[in-house]
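Report on the structure
Here are the chains, one letter per residue:
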Amino acid sequence: MTAEQRPGAILMTYGSPDSLETGDVRAYLARVRGGREPDDELVEEFTRRYRVIGGSPLIEITRRQAAGVADALGWPVEVGMRFSEPSIEAGLRALQAAGVSDAAGIILSPQYSPLLMGGYERAIAAARSAIGDDAPEVVVAGAWHLEPSFVGALAGRIVDALDAMPPDERAAVRVLMTAHSLPLRVAQQEPGYLEQLRATADAIAARAGVRDEDWTFCWQSAGHEPGEWMKPDFADLMPEIAASGGRSVLVVPVQFLADHLETLYDVDIGAREQAERQGLAFHRIPSLNEDRDLANSLASVARATLAVGDGVAAV
């Protein structure tokens, strides 16, 4: 990068509905579904879930994450949501206004799939086209699931959670490393992505000192679309854990970097109910959110992406 070029970064994730009103939830779900209108039952269920958790904190947490990464880098760092405001275009316009010429585009999932994440690259291309010739160049970061600070941060949360358990629960706990479920037909096209998820779980367990027999990789938050989804879901495992003498479960999402619907409802409410129905004590590690180790990981990813162009696409 030359002296005339100014680096920056944009952190990207899904977003969330503008409000808890049914109409806003409907519009958000339609965008997530590629313009297909959700039926009334689906809208009502998701509106109920968002209201139960008091609305998703994802956007505000992402803004705070960006501030932490900016502190670590000394660069302008903005946020861009794929399906809500502030949009990816808004984030790139803010970087442009700050004089940024080259930006690292970081999708807030440590694992990377061209099929699943390609929409971010298309959104960046559309945003740059709308901004014009002065739009920052963007290099999208690839997978960073084995970044040491990230692995260490999650491993540390596991150790803390296990140490805080009553001895009887700690002696018979199963650690469940979870990732967002996928339709089987999609997963079969992305073996590399599945390998990244498993490698993440393996690295975290090893760093935390969790024995192989004490943890399981599984899926959560299967969608409301027809067809077969990946197994096992954590709901499938709760009866097995109880039947084998387990006393408690510790849920460890290895993919989510901030609290949102899939942690605050699907895990904290849904998984807790499923565990307690089987007589299991329930625990979840705290999400990374504004964790300093996460900020350092994201800063390292941004530096590497722009320093050597070691991303997946220049957009």
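Source: prediction; values computed, not measured.

What counts, and where the lines are drawn
- Residues numbered from 1 in each chain as written.
- Predicted model: local features only at pLDDT ≥ 70, side-chain atom pairs only at ≥ 80, totals over all residues.
- Heavy atoms only, no water.
- Pairing = 2+ DSSP bridges.
- Helix = DSSP H or I, 4+ residues; strand = E, 2+ residues; numbered from the N terminus.
- Axes fitted to C-alpha atoms, helices over the stretch in contact; angles between N-to-C directions.
- Contact = heavy atoms within 4.5 Å.
- Core = buried A, V, L, I, M, F, W, Y, C linked by side-chain atoms within 4.5 Å.
- Buried < 20%, exposed > 50% of the residue type's maximum accessible area, 1.4 Å probe, protein only.
- Expected span 1.5 Å × (residues − 1).
- Arc of directions from axis to C-beta.
- Phe/Tyr/Trp six-rings, centres within 6.5 Å; stacked < 30°, edge-to-face > 60°.
- Lys NZ or Arg CZ within 6 Å of the ring centre and 35° of its normal.

As for the sheet that holds strand 7 (residues 248-253)
Across the sheet, which stays open at both edges, the four strands sit in the order 6-5-7-8 with parallel pairing between neighbours. Two strands bound the open sheet, and with one partner strand each, they are strand 6 (215-220) and strand 8 (281-284). Strand after strand, the sheet turns through a mean of 30° between neighbouring axes, direction not considered. Inspection of the sheet shows strand 5 (residues 173-180) paired to strand 7 by six bridges, in the parallel sense. Paired with M177 across the two strands is V252, which belongs to strand 7. Sheet contacts for helix 6 (residues 148-164): strand 5 and strand 7; angle to strand 7, the most-contacted strand, approximately 165°. Against the sheet, helix 10 (residues 234-243) engages strand 5, strand 6 and strand 7, with an angle of about 170° to strand 5.

Let's talk about the nonpolar core
In this structure, L92, I158, M177, F217 and L250 are the most contacted members of the largest nonpolar core, which totals 72 residues. Ranked by residue count, the leading element in this core is helix 6, at eight residues. In contact with L250, not counting residues within four places along its chain, are I158, A161, L162, M165, V173, R174, V175, L176, H283, R284 and I285. Core analysis: the second largest hydrophobic core is formed by 13 residues, C218, L237, A271 and L280 among them.

Considerations on helix 9 (residues 191-208)
Helical geometry note: an α-helix holds 3.6 residues per turn, so side chains three or four residues apart project in the same direction. When the terminal C-alpha atoms of helix 9 are compared, their 26 Å separation across 18 residues agrees well with the 26 Å that a helix rising 1.5 Å per residue should span. Turning to helix 9, its buried residues number three or more, namely Y193, Q196, L197, T200, A201, I204, A205 and A208. Within helix 9, the buried residues cover an arc of 165° as seen down the axis, which keeps them to one side. Those residues of helix 9 that are exposed and angled more than 90 degrees off the buried face are E195 and A206. As for helix 9, its buried residues are in contact with helix 5 (114-131), helix 6, strand 5 and strand 6. Of the residues one or two after helix 9, G209 is the one with positive phi, at around 75°.

Re the packing of aromatic side chains
A complete count under the given rule lists three aromatic pairs for this structure. Taking 4.9 Å as the distance between ring centres and 75° as the angle between the ring planes, the aromatic pair formed by Y14 and F83 counts as edge-to-face. Of the two residues, Y14 is situated in the loop between strand 1 (7-13) and helix 1 (22-32) and F83 in the loop between strand 2 (77-81) and helix 4 (88-97); the sequence distance between them amounts to 69 residues. Relative accessible area serves as the criterion here: at 37%, Y14 is assigned to the partly exposed category. Between the aromatic rings of W144 and F150, the centroid separation amounts to 5.4 Å while the plane-to-plane angle is 70°, which identifies the pairing as edge-to-face. Of the two residues, W144 and F150, both sit in the buried class. Here R49 stacks its cationic end above the ring of F46, 5.5 Å away from the centre of that ring. Taking the ring centre of Y120 as reference, the NZ or CZ of R82 above it sits at 5.1 Å.

Bear in mind that shape data such as this cannot, by itself, settle questions of function.
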